[in-house]
Amino acid sequence: MQATEVPRAVAAARAVASSLGLTADDAIVLQDSNKLTLRLLPCDVVARVAPVAQQIAQFEVELAQRLVESGCPVAALDPRVEPGVYERDGFVVTLWTYYEPASSREISPVEYAKALERLHAGMRELDFPAPHFMDRVEQAQRLVASRDLTPELADADRELLGDTLRSLRRVIGERGGAEQLLHGEPHPGNVLSTENGLLFIDLETCCRGPVEFDLAHAPEEVGEHYSGVSPDLLRECRTLVLAIIATWRWELGDQLPDGRRLGAEWLDQIRARGFTAG
């Protein structure tokens, strides 16, 4: 979120919480990315705040309710207020349960894999509309094709990303494997280690695709403990994810801290995996 918007976003979250009967005298920033995540005190609620024009909060709220009801390992909305999306001063605010972190924050690959298997099992039972994971590939291809949108992307890197995205989109599409509802980005930053076990957060990224696409966001050791995956498809999905997130880092206006350096590192990883331009 733009630094100039943060004070207003915090004020909006505190005002929404107060209007719902929660005492929010203070706010601690837990994460600042495309949306602001706050811990409001002393009511101890997690507020997720985003500009009205850049959010799909209703999608996330409805999906979280369905997944919690199904017993999936996801963070729940705060039970003290009516589930919903609250708008204030140009922002939308959603309120979530705060979970005390586990005494040990170390997450084993086995625990990670089993939690993701449980999430996927629950998601398979849901009839919930979500975009396809290939939509993300198309978006990345549009960015690579536009010098106006990615002006600082070097020609050689642009060619590498374009070739990688095009090739893997074709190869993965031709596999025709089973697809289902996915988290979309179950990387370690979207996993809470709590006293009640692992919980996944940030459900706005949910999409449909093969489970290997989700596993491609997790540490490599996690895939070794997840049952029934295709090693070839997982390897292809890992490179595809690298190409997508590397492309995002070169988009004009990208706000991820140290994003250009990360983008360059991910390009090097794509090359190390044997992908070259041309």
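In short, a report on the structure. Computed from a predicted model, the values in this text were never measured in an experiment. (Residues numbered from 1 in each chain as written. Predicted model: local features only at pLDDT ≥ 70, side-chain atom pairs only at ≥ 80, totals over all residues. Heavy atoms only, no water.)

**Some points on the pattern of salt bridges**
- The tally for this structure, following the rule as stated, stands at 21 salt bridges.
- The partner of Arg147 in a salt bridge is Asp155, and the shortest N-O contact between them spans 2.9 Å.
- In this structure, Arg271 and Asp157 form a salt bridge, with 2.5 Å as the shortest nitrogen-oxygen distance. In this pair, Arg271 sits in helix H9 (residues 259-272) while Asp157 sits in helix H5 (residues 155-175), placing the two residues 114 residues apart along the sequence.
- Residue classification places Asp157 among the buried positions, given a relative accessible area of 16%.
- Each of Arg39, Asp44 and Glu100 takes part in salt bridges that share partners, so that together they form one network. (Salt bridge = Lys/Arg side-chain N within 4 Å of Asp/Glu carboxyl O. Helix = DSSP H or I, 4+ residues; strand = E, 2+ residues; numbered from the N terminus. Buried < 20%, exposed > 50% of the residue type's maximum accessible area, 1.4 Å probe, protein only.)

**Digging into the nonpolar core**
- If you look at the biggest cluster of nonpolar residues, it comprises 63 residues, and the most contacted ones within it are Leu63, Leu67, Phe213 and Leu240.
- The biggest single contributor to this core is helix H8 (residues 231-249), with 11 residues.
- In contact with Leu63, not counting residues within four places along its chain, are Leu126, Phe128, Leu181, Leu203 and Cys206.
- Among the nonpolar cores identified, the runner-up in size contains 21 residues, and Val16, Ala24, Val45 and Leu95 belong to it. (Core = buried A, V, L, I, M, F, W, Y, C linked by side-chain atoms within 4.5 Å. Contact = heavy atoms within 4.5 Å.)

**Focus on the state of the cysteines**
- Counted according to the given criterion, the structure contains zero disulfides.
- The cysteine Cys206 is free of any disulfide, with Cys207 supplying the nearest cysteine sulfur at 7.2 Å. (Disulfide = S-S within 2.5 Å.)

**Digging into unusual backbone geometry**
- Following Leu41, the chain continues into Pro42 via a peptide bond in cis, with omega recorded as 5°.
- If you trace the backbone, Pro42 turns up in strand S2 (residues 36-42).
- We note that Asp89 has phi near 55°; this positive angle belongs to a residue other than glycine.
- Tracing the backbone shows Asp89 in the loop between strand S4 (86-88) and strand S5 (91-97).
- Using a relative accessible area of 48% as the deciding quantity, one classes Asp89 as partly exposed.
- In the Ramachandran plot, Asp202 falls in the positive-phi region, its phi being about 60° despite a non-glycine side chain.
- With respect to the helices and strands, the residue Asp202 is situated in the loop between strand S8 (197-200) and strand S9 (207-209).
- Of the residues examined, Asp202 reaches a relative accessible area of 12% and is grouped as buried.

**A few points about the pairing of S5**
- Along S5, six of the seven residues are buried, which leaves the element largely enclosed by surrounding structure.
- Note: strand S3 (residues 45-51) against S5, seven bridges, orientation antiparallel. When the sheet's bridge partners are listed, Ala47 is paired in S5 with Leu95.
- As paired elements, S4 and S5 share three bridges and run antiparallel to each other. (Pairing = 2+ DSSP bridges.)

**Thoughts on the packing of aromatic side chains**
- Applying the stated criterion across every chain yields a total of two aromatic pairs.
- When the centroid spacing of 5.4 Å and the interplanar angle of 65° are considered together, the rings of Phe59 and Phe128 count as edge-to-face. With Phe59 in helix H2 (residues 57-69) and Phe128 in the loop between helix H3 (109-124) and helix H4 (133-145), this pair connects stretches of sequence that are 69 residues apart. Like Phe59, the residue Phe128 is buried in the burial classification.
- An angle of 50° between the planes, with centres 4.9 Å apart, marks the rings of Phe133 and Phe213 as tilted. Within this pair, whereas Phe133 is found in helix H4, its partner Phe213 is found in helix H6 (residues 211-215), the two being separated by 80 residues in sequence.
- The ring of Tyr98 has Arg39 sitting right over it, with the charged end atom 3.8 Å from the ring centre. (Phe/Tyr/Trp six-rings, centres within 6.5 Å; stacked < 30°, edge-to-face > 60°. Lys NZ or Arg CZ within 6 Å of the ring centre and 35° of its normal.)

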